[in-house]
Amino acid sequence: MGRYLRAPLCLLGGILLVVWPLSAPANESGGQSDAALAALRSGDAEEAREIWSRLAEDGNPAAQSNLAGLYLSGALGEADLGQALAWFRKAAEQDNPNALVSLGHIHRTGMGEIVHPDRDQAIAYFRRAAERGSAEGAYFAGEMELEDKPSDPAAAVEAIQTAAEAGFPPAMHRIGTFLQSGQYTRKNVPKAATWYEAAADRGLAESSYRLGEIYLYGDGLPVDMGAALAHFEQAADHGFLDAQVDAGFIHMRGLAGSADPVKAVDYFSKAAARWNHKAMYYLGLMRFEGTGAPQDFVQAHKWFNLAANGGHAEAHLMRGATETRLAPPQLEKAKAEAQAWFDANHATPHTHETLAPHAH
């Protein structure tokens with residue numbers, strides 16, 4: 001396979017659609033395409049548009065696909081869905097695999113009022129892309145076929161396997177899930193771990209997290225808290241929310257050696273900032289117990305209150321237990337601090353609109 005640089009221009013269903021070779025052809029159009037990419041990297045999307053427009057008008061399918069992605073991304077201002085669709089179609093007429101994949105995503109999810117979701121069309125585009133060597137196309141063709149729970153899923157699984165062997169990280173992860181669960185194949189956790197490792201090495205945080213779970217629970221491999229923590233931290237450092245909580249818990253309790261409450265608080269705080277109620281509960285528990293910091297029932301109540309309002313049952317109980325240790329002025333301070341945190345972080349998506357007290 002060639003080496004590719006994926007640029008974060010447009011996201012449909014979480015998949016980056018615009019792909020450039022790292023090494024352009026040694027000809028005029030290749031040099032111009034390199035110049036367009038350099039301009040885009042430097043923040044000059046208009047210069048990239050001018051270059052790719054010239055090449056696209058001359059019939060260059062890669063430029064047509066890249067130009068479509070530029071219009072779709074909104075890098076030029078408001079996204080121009082009509083222009084994006086038109087250029088993707090022109091590139092697809094020349095069997096450009098990136099354009100075919102992009103059209104597959106567009107028909108899979110829909111694109112405003114211009115294109116409504118069309119499963120059959122999406123699969124057809126993904127299959128065409130796969131036939132032209134696109135691992136991403138093979139993966140999504142297989143995934144969409146499995147959504148219908150076919151009586152004979154062999155062809156769909158084979159497409160995903162092909163994408164995995166070509167190095168597409170989501171496909172590697174998916175093969176790992178098949179092997180770990182025994183779905184569509186014989187269960188083989190060590191082999192699943194190998195696929196997860198390969199996807200994790202390519203930056204897929206969910207694969208790192210799955211490896212952490214395997215070593216944490218001893219699911220098919222011996223329990224290894226050090227390995228679990230390493231994989232959770234790898235996923236956490238990529239922003240994987242559950243991994244932040246699990247890494248924090250291992251550090252809080254010292255399950256992989258000596259406890260590290262500073263790291264625990266760091267991971268829990270990152271997860272709490274994204275309204276993870278389990279992380280809020282653990283922050284409260286650390287202050288209730290005096291883990292890594294002096295015991296502070298005001299701070300404990302604050303975090304239990306926030307977690308309880310999100311539906312965390314243990315936090316609800318612990319908030320009540322903490323209230324019995326607070327004098328009325330301290331309780332008012334704890335409530336005020338919880339409200340201040342709630343207001344300061346209210347813009348971050350979460351599930352409840354108010355911070356309401358509950359009876360115990």
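Residues numbered from 1 in each chain as written. Predicted model: local features only at pLDDT ≥ 70, side-chain atom pairs only at ≥ 80, totals over all residues. Heavy atoms only, no water.

*Asks:* Mind showing me how you'd approach the overall build of the protein chain here?
*Replies:* What the protein chain contains, in helices and strands, is 18 helices and 4 strands. Looking at the 360 residues of the protein chain, the share that counts as buried comes to 48%. A separation of at least 24 residues holds for 47% of the contacts in the protein chain among residues at least 6 apart in sequence. (Helix = DSSP H or I, 4+ residues; strand = E, 2+ residues; numbered from the N terminus. Buried < 20%, exposed > 50% of the residue type's maximum accessible area, 1.4 Å probe, protein only. Contact = heavy atoms within 4.5 Å.)

*Asks:* Explanation requested: helix H13 (residues 241–253) in the structure shown.
*Replies:* Over its 13 residues, H13 runs 19 Å from end to end, which matches the ideal 18 Å to within 8%, given 1.5 Å per residue. Of all the residues in H13, the buried ones are Ala 243, Gln 244, Val 245, Asp 246, Ala 247, Gly 248, Ile 250, His 251 and Met 252. Structurally, H13 contributes buried residues whose contacts are with helix H11 (205–217), helix H12 (225–236), helix H14 (261–272) and helix H15 (277–289). Note on H13: the residue one or two positions beyond its end, Gly 254, has a positive phi of about 65°. (Expected span 1.5 Å × (residues − 1).)

*Asks:* Explanation requested: the pattern of salt bridges in the structure shown.
*Replies:* Close approach of charged atoms lets side chains of opposite charge pair. Applying the stated criterion to the full structure yields 12 salt bridges. Close ionic contact of Arg 132 with Asp 95 constitutes a salt bridge, the shortest N to O distance being 3.2 Å. Taken together, the residues Arg 132 in the loop between helix H6 (119–131) and helix H7 (135–147) and Asp 95 in the loop between helix H4 (81–93) and helix H5 (97–109) connect sequence positions 37 residues apart. According to the relative accessible area criterion, Arg 132 is partly exposed, its value standing at 33%. (Salt bridge = Lys/Arg side-chain N within 4 Å of Asp/Glu carboxyl O.)

*Asks:* Before we go on, may I ask you to explain the nonpolar core in this structure?
*Replies:* If you look at soluble globular proteins, the nonpolar side chains tend to sit buried side by side. Within the largest apolar cluster, 75 residues are counted, with the highest numbers of intra-cluster contacts made by Trp 52 and Phe 232. If you tally residues by element for this core, the top one is helix H10 (residues 189–201), at 8 residues. Beyond its immediate stretch of four places on either side in the chain, Phe 232 contacts Tyr 209, Gly 212, Glu 213, Leu 216, Ala 243, Asp 246, Ala 247 and Ile 250. Counting 31 residues, the second largest nonpolar core, distinct from the first, contains Ala 264, Met 280, Met 318 and Ala 334. (Core = buried A, V, L, I, M, F, W, Y, C linked by side-chain atoms within 4.5 Å.)

*Asks:* Would you explain the packing of aromatic side chains in this entry?
*Replies:* Each aromatic ring pair is specified by the distance between its two centres and by the angle formed by the two planes. Under the definition given, this model contains 15 aromatic pairs. Where Tyr 209 meets Phe 240, the ring centres are 5.0 Å apart and the plane angle is 35°; that geometry is what we call tilted. Placement of the pair is Tyr 209 in helix H11 and Phe 240 in the loop between H12 and H13, with a sequence separation of 31 residues. For Tyr 209, a relative accessible area of 10% puts it in the buried group. Through a chain of ring-to-ring contacts, the aromatic side chains of Phe 249, Phe 268, Tyr 281, Tyr 282, Phe 288, Phe 297 and Phe 304 assemble into a single cluster. The ring of Trp 87 carries the charged tip of Lys 90 above its face, separated from the ring centre by 5.9 Å. (Phe/Tyr/Trp six-rings, centres within 6.5 Å; stacked < 30°, edge-to-face > 60°. Lys NZ or Arg CZ within 6 Å of the ring centre and 35° of its normal.)

*Asks:* Explain H10 here, please?
*Replies:* A turn of α-helix holds 3.6 residues, and therefore any two residues three or four places apart point the same way. Taking 1.5 Å of rise per residue, the 13 residues of H10 would be expected to cover 18 Å, and the 18 Å separating its terminal C-alpha atoms lies within 8% of that figure. Listed as buried for H10 are Val 189, Ala 192, Ala 193, Trp 195, Tyr 196, Ala 198, Ala 199 and Ala 200. Lining the buried residues of H10 we find helix H8 (154–165), helix H9 (169–181), H11 and H12. The N-cap of H10, judged by a side-chain oxygen 3.0 Å from the amide nitrogen of Lys 191 a few residues on, is Asn 188. Where H10 terminates, the next one or two residues include Gly 203, which has phi positive at roughly 95°. (Polar contact = N/O pair within 3.5 Å; in protein donor to acceptor, adjacent residues only side chain to side chain.)

*Asks:* What is the right way to read the packing of H10 against H11 from this model?
*Replies:* What describes two packed helices is the angle between their axes and the distance between those same axes. One can describe the packing of H10 onto H11 by two numbers: an axis separation of 8 Å at closest approach and a directional angle of 145°. Where H10 crosses over H11, the two elements pack in a sense that is left-handed. Along the contact surface, H10 presents Val 189, Ala 193, Tyr 196, Glu 197, Ala 199 and Ala 200, while H11 presents Ser 207, Ser 208, Arg 210, Leu 211 and Ile 214. Of the residues that constitute the contact of H10 with H11, the class distribution is 7 nonpolar, 2 polar and 2 charged. (Axes fitted to C-alpha atoms, helices over the stretch in contact; angles between N-to-C directions. Left-handed = near helix turned anticlockwise from the far one by under 90°. Nonpolar A, V, L, I, M, F, W, Y, C, P; charged D, E, K, R; others polar.)

*Asks:* Is there a simple way to explain the packing of helix H16 (residues 297–309) against helix H17 (residues 313–323) in this structure?
*Replies:* Two numbers describe how H16 lies on H17: the axes approach to 8 Å, and their chain directions differ by 150°. Of the possible angle classes, the one that applies to H16 and H17 is roughly antiparallel. Considering only the axes of H16 and H17, their crossing is left-handed. Residues Phe 297, Ala 300, His 301, Phe 304, Asn 305, Ala 307, Ala 308 and Asn 309 of H16 pack against Ala 315, His 316, Met 318, Arg 319, Thr 322 and Glu 323 of H17. Broken down by class, the residue content of the contact of H16 with H17 amounts to 7 nonpolar, 5 polar and 2 charged. (Parallel < 35°, antiparallel > 145°, perpendicular 65-115°, else oblique.)

*Asks:* Can you help me understand the confidence of the model for the protein chain in this one?
*Replies:* Atom-level detail of predicted coordinates should not be read off regions where pLDDT is low. Mean pLDDT over the protein chain: 89, with 88% of residues reaching 70 or higher. Overall, residues 1–28 carries pLDDT values under 50, and its contacts beyond four positions in sequence, including any with other chains, amount to 66 contacts. (pLDDT = per-residue confidence, 0-100.)

*Asks:* Could you clarify how one ought to interpret the environment of Phe 342 in this entry?
*Replies:* Tracing the backbone through its elements, the reader meets Phe 342 in helix H18 (residues 328–344). Separated by 69 residues in sequence, Phe 342 and Ala 273 have C-alpha atoms that sit 10.0 Å apart.

*Asks:* What am I meant to see in the environment of Gly 290 here?
*Replies:* As for its position among the elements, Gly 290 is in the loop between H15 and H16. Taking the relative accessible area as the measure of exposure, Gly 290 reaches 28% and is therefore partly exposed. Taking the C-alpha atoms as reference points, Gly 290 and Ala 300, separated by 10 residues in sequence, lie 9.5 Å from one another.

*Asks:* Just checking my understanding: could you explain unusual backbone geometry for this structure?
*Replies:* Peptide bonds are mostly trans, and most non-glycine residues show a negative phi. With phi around 60°, Asp 95 is a residue other than glycine that occupies positive phi space. Backbone geometry places Lys 149, a non-glycine residue, at a positive phi of 50°. Along the chain, Lys 149 falls in the loop between H7 and H8.

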